[in-house]
Structure formats: C-alpha cells, structure tokens
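Below, each chain spelled out in residue letters.
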Amino acid sequence: MSGKEYRTITDVKGPLVFLNKTEPVSYNEIVQLRLSDGSIKNGQVLDTSDDQVIVQVFEGTASVDRQTGVKFLGDVFKLPVSKGLIGRILDGAGRPRDGGPEIVADDMADIIGAAINPYSRQSPESFIQTGISAIDACTSLVRGQKLPIFSASGLPHNDIALQIARQAKLVGSDDDFVVVFCAMGITAEEYNFFVHDLERTGALENAALFVNLADDPAVERLITPRLALTAAEYLAFEHDYHVLVIYTDMTNYCESLRQIGAAREEVPGRRGYPGYMYTDLAMLYERAGLVKGKKGSITQFPILTMPGDDITHPIPDLSGYITEGQIVISRELHQKGIYPPINVLPSLSRLMNAGIGPGKTREDHKSVSDQLYAAYAQGKELRGLVAIVGEDALNERDLQLLKFADIFEDKFLRQSRDEDRSIDEGTLDLAWNLLSNIDTKYLVRLDQKWIDKYHPGEKKGEEE
Amino acid sequence: MSTENGVIYRISGPVVTATGIAPRMYEVVRVGNEGLMGEVIELHGEQSVIQVYEETSGIEPGEPVIRTGQTLSVQLGPGLLTQIYDGIQRPLPKLEETMGVFITRGVDADGLDLTKEWEFVPTVKVGDELSAGHVIGTVQETETIEHRVMVPPGKEGVVKTIESGSFNITQTVCKLEDGSEIAMMQEWPVRHPRPFVQKYAPDVPLMTGQRILDFLFPLAKGGTAGIPGPFGSGKTVTQQQLAKWSDAQIVVYIGCGERGNEMTEVLDEFPHLIDPNTNKPLMNRTVMIANTSNMPVAAREASVYTGVTIAEYFRDMGYNVALMADSTSRWAEAMREISSRLEEMPGEEGYPAYLSSRLAEFYERAGRVETLSGEDGSVSVIGAVSPPGGDISEPVSQGTLRIVKVFWGLDAGLARQRHFPAINWLSSYSLYPQALDQWYRDNIATDFPEVRTEISTLLQIEAELQEIVQLVGSDALPIDQQLTLEVARMIREFFLQQNAFHDVDTYSDLKLQYDMAKAILNFQEEGKKAIAGGAQLEDVVNVPARTDLMRGRFEEGYDGRIEGLVAEMSKQIAASMEEN
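Bear in mind that the values here come from a model prediction, so they are computed numbers and not experimental data.

**Student:** In this structure, what is going on with the overall build of chain B? I would like to understand it.
**Tutor:** Assigned secondary structure in chain B consists of 16 helices and 29 strands. Radius of gyration (C-alpha) of chain B: 27 Å, near the 25 Å computed for a compact globule of 580 residues. Counting every position in chain B, which comprises 580 residues, the buried fraction comes to 61%. Summarising the internal contacts of chain B: among those between residues at least 6 apart in sequence, 70% fall at separations of at least 24.

**Student:** Please explain the environment of Ala231 of chain A as it appears in this structure.
**Tutor:** Counting through the fold element by element, Ala231 of chain A comes out in helix H4 (residues 224-239). Separated by 108 residues in sequence, Ala231 of chain A and Tyr339 of chain A place their C-alpha atoms 32 Å apart.

**Student:** Help me understand the interface of chain B and chain A in this model?
**Tutor:** When the parts of a complex come together, some accessible area is lost, and that lost area is often used as the size of the interface. Each partner contributes to the interface: chain B provides 69 residues, whereas chain A provides 72 residues. A buried area of about 6000 Å², summed over both sides, lies between chain B and chain A, and 53% of it is on carbon and sulfur atoms. When the buried surface of chain B facing chain A is broken down by residue, Phe231, Asn261 and Arg418 of chain B rank first, second and third, together holding 14% of it. Where chain B packs against chain A, one counts two salt bridges. The partner of Asp47 of chain A in a salt bridge is Arg10 of chain B, with the nearest N and O atoms 2.5 Å apart. Taken together, the links from chain B to chain A amount to 28 residue pairs in polar contact (both at pLDDT 80 or more). Looking at the side of chain B that touches chain A, the elements that each hand over two or more residues are strand E1 (5-12), helix H1 (92-99), strand E9 (102-103), helix H4 (260-269), helix H5 (297-316), helix H6 (328-341) and helix H11 (448-472) of chain B. If one sorts the elements of the side of chain B that touches chain A by residue count, H4 of chain B sits on top with eight residues. The residue makeup of the side of chain B that touches chain A, split by class, is 26 nonpolar, 21 polar and 22 charged.

**Student:** Just to check I follow, could you spell out the sheet that holds strand E14 (residues 157-162) of chain B for this structure?
**Tutor:** Note on sheets: strands pair through backbone hydrogen bonds, and any given pair is parallel or antiparallel. All names here are of chain B. Strand order in this open sheet of four strands is E11-E14-E16-E17, and the pairing throughout is antiparallel. A strand with exactly one partner marks an edge of an open sheet, and here the two such strands are strand E11 (129-130) and strand E17 (181-183). Both E11 and E14 contribute to a ladder of two bridges, which runs antiparallel. Residue Leu130 lies in a different strand from E14, and its bridge partner there is Gly157.

**Student:** Explain the confidence of the model for chain B here, please?
**Tutor:** As a general rule, the predicted coordinates of low-pLDDT regions are not to be interpreted in detail. Per-residue confidence for chain B gives a mean pLDDT of 91; residues scoring 70 or more make up 99%. Interface predicted TM-score (ipTM) for the complex: 0.83; the corresponding pTM is 0.89.

**Student:** I tried to follow the packing of aromatic side chains on my own but got confused; where do I start?
**Tutor:** Aromatic ring pairs: the centre-centre distance and the angle between the two ring planes describe each pair. Scanning all chains against the criterion turns up 20 aromatic pairs over all chains. Plain terms: the ring middles of Phe193 of chain A and Phe194 of chain A are 6.3 Å apart, the flat faces sit at 75° to each other, and that makes the pair edge-to-face. A residue is classified by how much of its surface remains accessible, and Phe193 of chain A, at 34% relative accessible area, is partly exposed. Taking the relative accessible area as the measure of exposure, Phe194 of chain A reaches 1% and is therefore buried. In this structure an aromatic cluster arises from ring pairing among Phe215, Trp439, Tyr440, Phe448, Phe495 and Tyr514 of chain B. The cationic tip of Arg97 of chain A hangs over the ring face of Tyr191 of chain A; the distance from NZ or CZ to the ring centre is 5.4 Å. Directly above the aromatic system of Tyr319 of chain B lies the positively charged group of Arg148 of chain B, at a separation of 4.4 Å from the ring centroid.

**Student:** When you look at a negative patch on the surface in this model, what are you seeing that I'm missing?
**Tutor:** All names here are of chain B. A cluster of like negative charges, contributed by Glu129, Glu156, Glu177 and Asp178, occupies part of the molecular surface. Here Glu156 lies in the loop between strand E13 (146-150) and E14. Judged by relative accessible area, Glu156 falls into the exposed class, the value being 56%.

**Student:** Is there a simple way to explain a nonpolar patch on the surface in this structure?
**Tutor:** Among the surface-exposed residues, Ile468, Leu471 and Val472 of chain B lie close enough to one another that they form a single nonpolar patch of about 260 Å² accessible area. Mapping Val472 of chain B onto the fold places it in helix H11.

**Student:** Just checking my understanding: could you explain empty space enclosed by the protein for this structure?
**Tutor:** Rolled over the atoms, a probe as big as a water molecule pinpoints where empty space is left. Under the criterion given, the structure shown has nine cavities of 30 Å³ or more. Of the volumes computed, that of the largest cavity is approximately 170 Å³. Considering the residues around the largest cavity, the lining is formed by 15 residues, among which Arg270 and Leu318 of chain A together with Glu333, Arg336 and Pro388 of chain B are closest to the centre. In terms of residue class, the lining of the largest cavity is made up of eight nonpolar, two polar and five charged.

**Student:** Please explain the nonpolar core as it appears in this structure.
**Tutor:** With 87 residues, the main nonpolar core has Met288, Ile382, Trp408, Ile455 and Leu549 of chain B as its most contacted residues. For this core, the element with the highest residue contribution is helix H13 (residues 510-532) of chain B, accounting for 11 residues. Discounting residues that sit within four places of it in the chain, Met288 of chain B has contacts with Gln83, Ile84, Tyr85, Tyr253, Met263, Val266, Leu267, Phe270 and Met283 of chain B. Residues Phe127, Ala161, Ala375 and Phe408 of chain A belong to the second largest nonpolar core, which totals 79 residues.

**Student:** Would you mind showing me how to read the side chain of Asp136 of chain A here?
**Tutor:** Residues and elements named next belong to chain A. Along the chain, Asp136 falls in helix H1 (residues 133-138). One buried charge, Asp136, has no salt-bridge partner; the nearest side chain with opposite charge is Lys169, at 8.4 Å. Sequence-distant contacts of Asp136, that is, excluding residues within four places in its chain, are made with Phe127, Ile128, Gln129, Thr130, Gly131, His365, Arg421 and Ile423.

**Student:** Would you mind showing me how to read the sheet that holds strand E13 (residues 127-129) of chain A here?
**Tutor:** All names here are of chain A. The sheet built from three strands is open, its strands ordered E14-E13-E16 with antiparallel pairing. At either end of the open sheet lies a strand with only one pairing partner, and these are strand E14 (141-142) and strand E16 (169-170). With two bridges connecting them, E13 and E14 associate as antiparallel partners. For Phe127, the partnering residue across the bridge sits in E14 and is Val142.

**Student:** What should I look at first to understand the pattern of salt bridges in this one?
**Tutor:** If charged atoms from side chains of opposite charge come close, those side chains can pair. Residues and elements named next belong to chain B. Within the structure shown, the criterion is met by 72 salt bridges over all chains. Two residues, Asp203 and Arg368, come together in a salt bridge whose shortest N-O distance is 3.1 Å. Separated by 165 residues along the polypeptide, Asp203 in the loop between strand E19 (198-200) and strand E20 (205-206) and Arg368 in strand E26 (residues 367-370) bring together distant segments of the chain. Overall, Asp203 belongs to the partly exposed group, its relative accessible area being 37%. Between Arg330 and Glu258 there is a salt bridge, with its nearest N and O atoms 3.7 Å apart. Taken together, the residues Arg330 in helix H6 and Glu258 in the loop between strand E23 (250-256) and H4 connect sequence positions 72 residues apart.

**Student:** For this particular structure, what's the right way to read the packing of helix H3 (residues 235-245) of chain B against H4 of chain B?
**Tutor:** If you want to describe how two helices pack, look at the angle between their axes and the distance between the axes. Residues and elements named next belong to chain B. For the pair H3 and H4, interaxial distance at closest approach is 12 Å and the crossing angle is 20°. Taken together, the axes of H3 and H4 are roughly parallel relative to one another. With respect to the hand of their crossing, H3 and H4 are arranged in right-handed fashion. Side by side, H3 and H4 meet where Thr236, Gln240 and Lys244 of the first sit next to Glu262, Glu265, Val266 and Glu269 of the second.

**Student:** Even after reading the chapter, I still don't get the confidence of the model for chain A, so can you show me in this structure?
**Tutor:** Looking at chain A as a whole, its pLDDT mean stands at 90, while 98% of the residues score no less than 70. The secondary-structure element of chain A with the lowest mean pLDDT is E16 of chain A, recorded at 86, while strand E15 (residues 149-151) of chain A shows the highest, at 96.

Conventions used here
Residues numbered from 1 in each chain as written. Chains lettered and ligands numbered in written order. Predicted model: local features only at pLDDT ≥ 70, side-chain atom pairs only at ≥ 80, totals over all residues. Heavy atoms only, no water. Helix = DSSP H or I, 4+ residues; strand = E, 2+ residues; numbered from the N terminus. Rg over C-alpha atoms; globule rule 2.2 N^0.38 Å. Buried < 20%, exposed > 50% of the residue type's maximum accessible area, 1.4 Å probe, protein only. Contact = heavy atoms within 4.5 Å. Buried area = accessible area lost by both parts, 1.4 Å probe. Salt bridge = Lys/Arg side-chain N within 4 Å of Asp/Glu carboxyl O. Polar contact = N/O pair within 3.5 Å; in protein donor to acceptor, adjacent residues only side chain to side chain. Nonpolar A, V, L, I, M, F, W, Y, C, P; charged D, E, K, R; others polar. Pairing = 2+ DSSP bridges. pLDDT = per-residue confidence, 0-100. Phe/Tyr/Trp six-rings, centres within 6.5 Å; stacked < 30°, edge-to-face > 60°. Lys NZ or Arg CZ within 6 Å of the ring centre and 35° of its normal. Patch = residues over 30% accessible without salt bridge, like charges linked within 9 Å, V, L, I, M, F, W, Y side chains within 5 Å. Areas by Shrake-Rupley, 256 points an atom, 1.4 Å probe, with all protein chains shown as cover. Lys, Arg positive; Asp, Glu negative; His and termini not counted. Charge placed at Lys NZ, Arg CZ, Asp CG, Glu CD. 1 Å grid on protein atoms, 1.4 Å probe; cavity = no way out; pocket = protein on both sides within 12 Å on 5 of 7 lines; lining within 4 Å. Points joined across faces, edges and corners; volume = space filled by probe spheres on them. Core = buried A, V, L, I, M, F, W, Y, C linked by side-chain atoms within 4.5 Å. Axes fitted to C-alpha atoms, helices over the stretch in contact; angles between N-to-C directions. Parallel < 35°, antiparallel > 145°, perpendicular 65-115°, else oblique. Left-handed = near helix turned anticlockwise from the far one by under 90°.

The structure is reproduced here in structure tokens:
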C-alpha cells in the first residue's frame, strides 16, 4: 500500500492539503509529505472519497506546493510504547526531544484510543492526599478521577500542578505515581519551569514528557495529548502503574481544534469552536479511570486558562460537563497574596464522597467540609453587606462568620509551596481549630458526636 | 429483503457515503469489511448517506456496503430487566466478554439472550380471539416483575395452540388459526412510537420521595419534566434519586453522552439498593442504557430512541414506567454533529433546524394511555438538560421548556451554598397540581393543597424581604417580618434541603412531607402567638425542641415521632412567653 507517491495536490488552505488521488485511502490514515527541498512533513487524513482526500498537516503547510509528494502510509497513527518511555522527553509528535535514542517499542498503540466499556470500569474510591488543605478537605481527589484546574492568565496554576505532582500519595500505601506530562503550546519559559522543578525533586526519572511548545506547529497539538494518554494507558493497564497525567494548556488545544474547523469551512458552534468539541474533549478526558482486573489507574489534571476569567466560556464550560469537578483558581485571592489561591466555593469534586470517610480519610471529614463551605460562603456574603451597612449592623453570629472568612483564607487556604499537610493532623485538625472561633451553636452542619470528639474546646476527652 | 451490494464513496468521521445501493430511509446497513452497523439518514441522487454506530478510522472508499432491509429496531421480551445496554441495545457485559474492557468494533450482540429458557404460563386458551396487544401469557422475569407476553402489533386471530412450560424467547408459544406464530420476543423499530388506544389526562402523582419535587413541583404519572442546570448543580444526582426512589414499577435510565465513572457508580450502586416499595433490589425493575461521551456519537443519537421504545413496551403491559434521560443536551449535540457532517443548513447555534421537532416528538412518547389490551399504563419522561454556561436561553433548553409541563430549575448559586437538591423554588414550576389536587385530598390530607400554597407563599415573601435585608440588614425589619424570615429559613434548611447521601433523609414519603410542612406552619403560628405575648424572637427561635425536631429527620422512625416533637416545640415556645 505504501510506496506510491502522489503529486496531485490541488488546494492548500491553512493547515489543510486537498488532493486528487487514484487509489483508496482510509479515514484517519497517516500521511507523509516530501517537499521539493527534501524535508518531510506529517499529516493525517480527515476526509476521504473516491475523488478527493483532505489531509491535515501537523507541521503546518509552509513551503508546500503542487510539486510536493504525498505518500499514504497505510496505517492510522500509532505510538511506539514500552516501559522505556518513563524518564524520556518527547516532542509533540512523539519523537525524542532529549537527544536520546528512539523508543524501542514493545507494542504499537493506536493513539485514538478505544472507549472503556462503562460496565468494565471500576469505581474510583481511593483518596489521594495532595498535602494542599483546600483540595484535600473540600475537593478531595480520588485515584482515577479527572479534575481540571480552571485558571486564568497570570495565576500560579503551574505551581499548584507541580505541588500536586510532587506531593500526591495514597495514605497508607507506598505506591508512587508516574507522571505523564503533556505540554500544548506553552512557552519555553513555562516548560523550563516544569522541567527544572521535576529535575530538582528527582521526579523527572519517573515521568514521561510530551512537549509541544508555543512555537511548535499548532496542529500538532491535536495529537500531543492523544500520545500522552496512549502512553498513560499503556503504563497503567499493561504495567500496573498509577499514572498522573498533567496537561497544559487545554485552551491552546481547543484553539487548534477551532483552526482546523475554520479551515474546513465547518459550521461553527459557540464562539467559533466546532460543534463536535464536546465529543472531542470527551475522547481525551474520558481516558481516565480504573478498569476491572487491572491494578493501574489514570488520574488526570488538565489545566486550562479561562479566557477573560470567564467560566461560561465554551472551553471551561464543556470541560466542566465532562470532568468530575474542577478546582477554580481565584484572581482575587491571588491578589491578596494567598497561595494557593483556590476558591473552594465554585470548586467541586464529584467523586469526593466515594473517597472520604472512615477507613479512607476520617469519619468527620464530610461534616467538617460541609461546615467549612457553609461558614465561608456565609462569611463571604456578609463582606458584601458590611461594605454597605458597616459591621455595626451585624449580629453576633454574623460577626463571627465574617471573621471566620478571613481566618479561613489566611490560615487554612494559605500554605507554602513545599508544605505537605497530612489529612488528619495537618488539614482536618486545623479546620477544627479554626471552626472553634465560631460558637458551637452556630455550627449546625456538624454532628454532635464529632463535636464531642474533635472540637478543641468541647472535646470530651478520650473515652474508655 | 434486498441484499444488493454497494461500495463506500466517502468517509468523514461517523458519516459515510455509499453508492450502488438504493436503500430506504432509516434502513440499517453493514459498512465496510468489518460489517459496521450504520443507518441511512439521507438519500442524495446516486448516493446514500449513512451514520455509522462505530468508529470509522481505517475504513477505505471501495469497501462494501450491504443492505439489511431492516430499520433500526430493538428486541423486546423477557430478559430486558437488569440489563445494561449501549445506545444500540448491545448488552455491555456481553461486549466485555467478546472484546475486553475497551470497546472495539465490528462486534454484533443480540439485545436479548436467545437461548435462555423462561417459564411461560399461558393466560389464554384454544379458541380465544386475540387482537394486537392482548396478553397471552406471563413470565416471572425478576423477583418483582411479571413480564406479560403480548400479541405483537399488527397480529390478530383465534388461538389454535397455546403452550405452557420452558421456552426460549424465539420458540413459538402460540399459533393462530391463520397459521401465524407468536414467540415471546418481538421486534420494534425504535423511531416509531408503539401504538395504543388513547391518551388519558394524568391525575396520579409520580412519587419520588424528594420533598421539593413531590410537595412543591409534582410530576404526574405519564407526565414530562425537564431539569436544566449548569454543571455541578446536581442534575445527575437528582436523576439518580428519581431512578432510585420514584414509585414507578419500571425504570429506564439512559446515560446519554455522560461520564464513564458516573455510569459506573450507577452500575455499582443500583444492584445494592433496595426498593422501598417492594423491599427487593432496585435493579429488578431497571433497564439501563449507557452510551458515555466518548462512545460513538451516532449510537448516542440512537440511545434515546432505544430507551423510550423499551419504556413503551413495558407501558403496553400496563405498567407505570419512568424514563430518565441524562442528558438530552448531549443527544441534541449528537444531532448537531451529524447534521454538520451532512452539511445541512444550520438553525440556531449550529443545531439542525429540526431540533425542536425532534425534542417534541421524543417527549410526546410520554403519557398515560389506554393500552391495546385495555389496561392503564404510563411512561413519564424526565430529561436533564445541560445548557452551556447555565444559560437556559439556548435552543435545547428552550425547545424542552416549550414541551414539558414541569420545570425543575437547578441553580449554581444554591449548589455553591451546598443547598441540595439545588432546585430553585422561585423559578421552578409544575403545571400538574390542579390535576392532582383531588388525589392529594383523597389520599393524604384534605387541606394538602392549601398547605402547599402557604409554604410557597412564604418562600415568595422571603425573597421580597431578602431584597430589603440586603440593603438595611435584618435587624431593621419589624419583628413579625423577622419571624417570617426564620420560618422561611426553616422551610429551606429543614424541608427543601434533603441529603441524597444520608440513609434516612434520602427518602421521605408524601405523608411525612405533609407532616413536616405542617410542623413549620405550626412553628409560625406558635411563634406569632408567643411574640404577641411578649416573647423575644431569639427565645422563640432557639427553643431546644425545634432543633430536636429539625435534626430528628436524620433518624429512623421520624414519621412516628414527629407529632410528639411538634407538641414539645409548641410547649416550649409557649413557655418562652412566660419567661418574659
């Protein structure tokens, strides 16, 4: 099938090449273009018929002319996979970028990936301690979850992602995580930041990196996360690793998707993004989880920057409908100098209830978390009121809640970049300490039995 | 049946164009060397446009396309209950057996087990005259559900022979004088509603055990409801609560384009849940359809029809069926995706112009009907809607709201305050109360409608008072209005909030709901009296018995104790007046 080279390009439009050809070409087949100067570009078939084939060129169509030779390679895009991927840095198309040798493949894996049969999945329920109080207490992460970080430009989402990558562990288990890191269109500076940090902590040896930088071809970004997830699936389901996939920045990925859609003159959906963006994103995000009979797992941390801090923008919006919650970074907290500036109110972990409680974290976790939310939400709301009527108009309960909101931000949210808090003493006990600033009678979300057992002022001492 | 062969001309994602065949619209065809299942959705000159229910990577022009002569149909018969299907009725456990944990393609699977034998008990005898829909016998399909085997639509005649004993679902159990044979299994094309005699007006509520739904915004058996809400506002939990606790006899749950892990949670949880009405596992009455967001988009489009056809089949047996579709927005997006591949002229926001008529057709398949055999059966449809950005002015929400009679509006603000279910009591509505009021008076309490009105009026007043409080603080209000605020707060925290994850609080029967509502009104009345008699608002609000009354709902046997708790509260409030 391969071997034959066509020189029948009719049109070139943006990243797309249209050509007439003679033999049947299959959908999604991989294509090689040989330019007149001998250089090689790669592409993939987007549309095929008896008359015309449309090819998307990953490296962009600069210098492509009607003389360019087009070769169909008779196969869909595959990634060579092996345990040797760990510790390597590859480019956005899966070629070594670290000067090392080619990956010796144990297998060639189709990068599109097949859907996991919902019946074959296993429910995620192992709590991952990130050592960050805001996440552990309020939006607890479990193994097999996909929990994006909704951020915006100028906010420290990278620091948070790295801190999670460094500190994530299962309580009472020695299982380590392997990190698969996928960069899509980030700057060289950001990339260096990631690599240096991974190097500094020794995590690089336990990581596989797929890197497409801001000056790398935009269309290539469409395959980079698929390569990363294919590697993650192989490591998790063939070699029992627990894989943490961090990819940044999903916004750049979606921009590339829009670029292709526009070049194909497709009918655009909201804000020009293609109508199939939901399905396309789902094909990435849904490659997280656990399956029956396999030890490994895939946990995803996609990072996306919300254009204009707008959570209703199609990218965060569609992501939120697929992922199991979100961690929202707040500009307001960041400007107050609080790190990590996680706004717990719009943040959410949908799998939290499965991962916390007796035997997993602690029996009082759910109550404490509900109480923190309620008290902080009310305290924050009161700030608005105080701005209008002043503190004098508040009753005692409201005053306590107002004060609590400040303490919560200053003591509970705020922690240093290398502070690794344990869930019980570090996070939940701290929460009790802070909640003791509020009169017990206002703590209506807490069960009496937990107040008796954990409240620093009301503790009934050890029974028995 | 024609088996003429064509060839693939063009492939673009899930849409394949073939030449050389002349199929009918919506005919099922086999595409490519692997025989992928597809459905004809457009005829265009020599070309037939096909949506393919499986991944199309690696398929080439020139591969064969074969007609089957059939339209997309489901197999109906014993074995549906407890089953978990994908969008085109392939059982997921079966797919796991044949292709492992990842769904690959080109695998066929029957919707029903054709070899399993069921104990068939006839209910007709030789010489009986039968018409379509007539029940000819029964099979105990699960512990709780009796499957009624019916004469398929279009058949009628006089019974010549009727069998009794163990049969598989394709064996003939009944022969008619005209020679036609009836087996336990029948097939039905999913895009056609199953026939019935007439539709009735719904006048019995579908009880769900969810206080805000049953009490303030009830759904009737055979009715339609829409639940729009932004992500994270609790749509899926609400749908799952309905699937768990609604008093329908059969539940069909369609996970349409949703999260895999969430489906797994449902699949893990349901077999362990006990139906409060029968004390048997809920799974016994449930059929599930799971087509997650990353499974083929054309099968997602079909999943909704597959589900509603199964629901109608059980309705025809005389059952009350509840159908949950989570989420209809994903279904609409599947239509949009396929429409754009067809290069159709788009309507609003890229959705096809026929979006609202498709939505209407779907919801119209709900209803309480007189079945062909004269029974009373119903299909209630509850559709979740996921509007982008939570803005319900978009086409899917609007198309849904034009049709459904009940609107349960989820609210991100409430969800953020951890007020669950996060259903906004000000924007939600139900058009059924008028039709249902007589039923409430006869079965729960004669003043039920009045109590409901009082509760919702209080909430309305609270909203108005809150606007003032926002400006001047609550201390500036007169004391009776402050009491009203406290009463409204009690409605919100004690009555409307309900913890889906709490063993006891997760379900309240209608009588208990009524008692709780009365308890709130009782507090209001006693509080007014005490304050008029000189009591401080603080003392009235803080009587310990009120806390006991409110916390009591988390304990077993609350329905038996609530009366005593209310009496104690009244006593203490009255006492607070004397202290002053």
